[in-house]
Amino acid sequence: MNTPCRLFVFAALWSLSLGVSAAVSAWLNPTQTRPGEAVQLILKHDGQTGSQPDLGPLGQDFDVLGRSTGSSIQIVNGKMSAQTEITLTLMPKHGGTLQVPSLQWDGEPTPALTLTVSGNAAAAQQGKAPASGSAHVFLTATLDQKQPYVQAADTLTVRLYTDQPLYQASLELQPSNDVLVQQLGQDSQTSATRDGRTYRVIERKYLLFPQRSGRIHLDGPVLNAEIQDDRGSGDPFGGNAFFGGVFGRNPFAGMMNATRPIRVGADPLVLDVRPRPASGTGHDWLPAQKVTLTETWQPDNGPLHVGDPITRHVHLSALGLTASQLPDLSVLMPLPEGLRAYPDQAKLDTGVQGDGVVGTRDQDIALIASRAGRYQLPVLHLYWWDTTRNEQREVELPARTLNILPGSGGIAAATTPAGPTAATPLQSAKPSAAVAKQILASASAHGYWLSLILGVLWLATLAAWWFSRRHRRPPASPGAGRAAPTVAVADARKAFRQACQDNDPHAARRTLLDWARVVWPHNPPLGLQALSDRLDDVEAKNLLKQLDRVCYAGGTWQGKPLAEILTHLDRNIKESALPASGLARLYP
């Protein structure tokens, strides 16, 4: 037999010998562990294989954190054998005696195994000292209030206790559709001694903002990290303060010593969220610990004339709310006839005060009188809910009288169209022609020629404006030139109608605002109130008000009436409707 034939026969016999035995085996390393510590499951397959075992049954009691695969071929006394080995890193989901189920690999089952997860991590997670030697790393999570109000800030304090270096550590709090989560400030570090063991304590605070009333379940915070393997030698850099930061990144971890993963979790969190009380009758829902409202005027004294701007600076501060939750006071400030207002862009700021958050809103509002007279600005009331006393309280800006004199040139100014009344929210407007005349009149004090030049310029501007109006094309309809793509509008409307069919108020509110953003992409309404202001349908306004109320206070809601009346957003709108200034209402 020539050499090629011998090689062919040899290869055929080798392949046949590798496939004769396809036995699979499995074992754990170690067979006992503590809560939060990973173990290794080793699977071995005799003979060659290109398939992978079915790991689905492991998901009931374990998380698979990692896997590695290796293969080997051995020749002993002329006999060849091949093996494939898979190493799985498993994290137990809970304590007790756990069964590692039998797994199928190439039709062969692995033996079932038993893992004992000992030690009581629950005591540590509730803030009690763990038993000696039972926990090197554990977490505690404490809520400031277990019964917060809807959309009120609740402080969550998380403490990590560790007596050994941690590498590649990350602390996570899983988000939820029902709770907004925001980290508060920076981590702080202390130390504590329990049962003769010294722990390094890392403290982190979160702000939780529940978005609905009722009972809400939230997964507790989870720590994922690497620790030194007890079977290896010590890492010379592990105890160094520069490289051994708990939440830092040790570039030498694992180079001098093997590490293994750990996962430590705190108990799940339960919030019994209280709805907006019926006695909370304010225009805006402001659950806070403290609210202050102040103002300054510029000029504060001295004579005021027609056409002279008067600046009202308003400062609103709330302990327990972010700046985005504070209302726009310029739309709540009533004005008598003859006064126009021009609010500037508000300055928002959110800071940390102790264990809470403080939101501030500063805004300048310019007032200009169109005619001389005595103007009485009424008291501005702002109602908020005191979460400490569980009662509605009030802050206010006092009434103020403005005595407006005629223009400084001594010529009485013409009367402009009436501004917002005491029951009408303040709106921005451009200075009228009467104001221009007032400015022209005041300029007469500086000389006859200056007044004449300004008068000629003003008349030239008026003539140019009249000429351009004659040659301007007729104005387009309210929706012209900015129509949204038909497909996008249809999809958004379909999602809104589905939410109404499901009688889901929160989904209806969200999809309705999404629909509005498609219809008005350049100036979308920022809330249901802003959308209501654009509609010229009283029934639709009432239904939107009911929807907003249900989203705040909870309760049942029927979406069919709203879906039937809101068939097209770009119809039956006010032609004078303008995009609302400021931020959206508190409910997101």
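Look a little higher up for the structure.
Residues numbered from 1 in each chain as written. Predicted model: local features only at pLDDT ≥ 70, side-chain atom pairs only at ≥ 80, totals over all residues. Heavy atoms only, no water.

### Focus on the packing of aromatic side chains
In step 1: The tally for this structure, following the rule as stated, stands at 7 aromatic pairs.
In step 2: On the basis of an interplanar angle of 70 degrees and a centroid distance of 5.9 Å, the ring pair of tyrosine 149 and tryptophan 385 is categorised as edge-to-face. In this pair, tyrosine 149 is assigned in the loop between strand S10 (137-143) and strand S11 (154-162) and tryptophan 385 in strand S27 (residues 380-386), connecting sequence segments 236 residues apart.
In step 3: Geometrically, the ring pair formed by phenylalanine 496 and tryptophan 515 is tilted, given 5.6 Å between the ring centres and 40 degrees between the ring planes. (Phe/Tyr/Trp six-rings, centres within 6.5 Å; stacked < 30°, edge-to-face > 60°. Helix = DSSP H or I, 4+ residues; strand = E, 2+ residues; numbered from the N terminus.)

### Structural notes on the sheet that holds strand S4 (residues 62-76)
In step 1: Strands sit in the order S1-S3-S5-S4 across an open sheet of 4 strands; the sheet is antiparallel. With partners counted over all chains shown, the strands left at the sheet margins are strand S1 (24-29) and S4, one partner each. Neighbour-to-neighbour, the strand axes of this sheet turn through a mean angle of 20 degrees, independent of strand direction.
In step 2: Sheet topology note: the S4/strand S5 (residues 79-92) ladder contains 14 bridges and is antiparallel. Residue pairing for S5: valine 76 is matched across the bridge by lysine 79. (Pairing = 2+ DSSP bridges. Axes fitted to C-alpha atoms, helices over the stretch in contact; angles between N-to-C directions.)

### A closer look at unusual backbone geometry
In step 1: Look at the link from asparagine 29 to proline 30: it is a cis peptide, with omega at -5 degrees.
In step 2: Mapped onto the fold, proline 30 is located in the loop between S1 and strand S2 (32-33).
In step 3: The step from glutamine 298 to proline 299 runs through a cis peptide bond, and the omega angle for that step is 0 degrees.
In step 4: We note that aspartate 106 has phi near 55 degrees; this positive angle belongs to a residue other than glycine.
In step 5: Looking at the element boundaries, aspartate 106 is found in the loop between strand S7 (104-105) and strand S8 (108-109).
In step 6: Look at aspartate 106 and you get partly exposed, because its relative accessible area is 41%. (Buried < 20%, exposed > 50% of the residue type's maximum accessible area, 1.4 Å probe, protein only.)

### A word on the pattern of salt bridges
When the charged atoms of two side chains with opposite charge come close together, those side chains can pair.
In step 1: Summed over the entire model, instances satisfying the criterion amount to 16 salt bridges.
In step 2: With a closest N to O distance of 4.0 Å, arginine 389 and aspartate 386 form a salt bridge.
In step 3: By relative accessible area, which is 2% here, aspartate 386 ends up buried.
In step 4: Several salt bridges share partner residues, and in doing so they unite Arg159, Glu203, Lys205 and Asp355 into one network. (Salt bridge = Lys/Arg side-chain N within 4 Å of Asp/Glu carboxyl O.)

### Some words on helix H6 (residues 505-519)
In step 1: The end-to-end C-alpha distance of H6, which contains 15 residues, comes to 21 Å, matching closely the 21 Å that a straight helix rising 1.5 Å per residue would cover.
In step 2: For H6, the full list of buried residues reads Pro505, Ala507, Ala508, Arg509, Thr511, Leu512, Leu513, Trp515, Ala516 and Val519.
In step 3: Where H6 begins, the side chain of aspartate 504 points an oxygen toward the backbone nitrogen of histidine 506, at a separation of 3.3 Å. (Expected span 1.5 Å × (residues − 1). Polar contact = N/O pair within 3.5 Å; in protein donor to acceptor, adjacent residues only side chain to side chain.)

### A closer look at the sheet that holds strand S13 (residues 179-194)
Working definition: the strands of a sheet are paired by backbone hydrogen bonds and lie parallel or antiparallel to each other.
In step 1: Ordered by their spatial adjacency, 4 strands build an open sheet running S10-S11-S14-S13, and the pairing between neighbours is antiparallel. Every interior strand has two partners, whereas the edge strands, S10 and S13, have only one. Neighbour-to-neighbour, the strand axes of the sheet open up by a mean angle of 20 degrees, direction not taken into account.
In step 2: Taken together, the 9 bridges between S11 and strand S14 (residues 197-210) define a ladder with antiparallel strand orientation. For tyrosine 161, the partnering residue across the bridge sits in S14 and is valine 201.

From the geometry alone we can't say anything about function, so treat these as descriptive.
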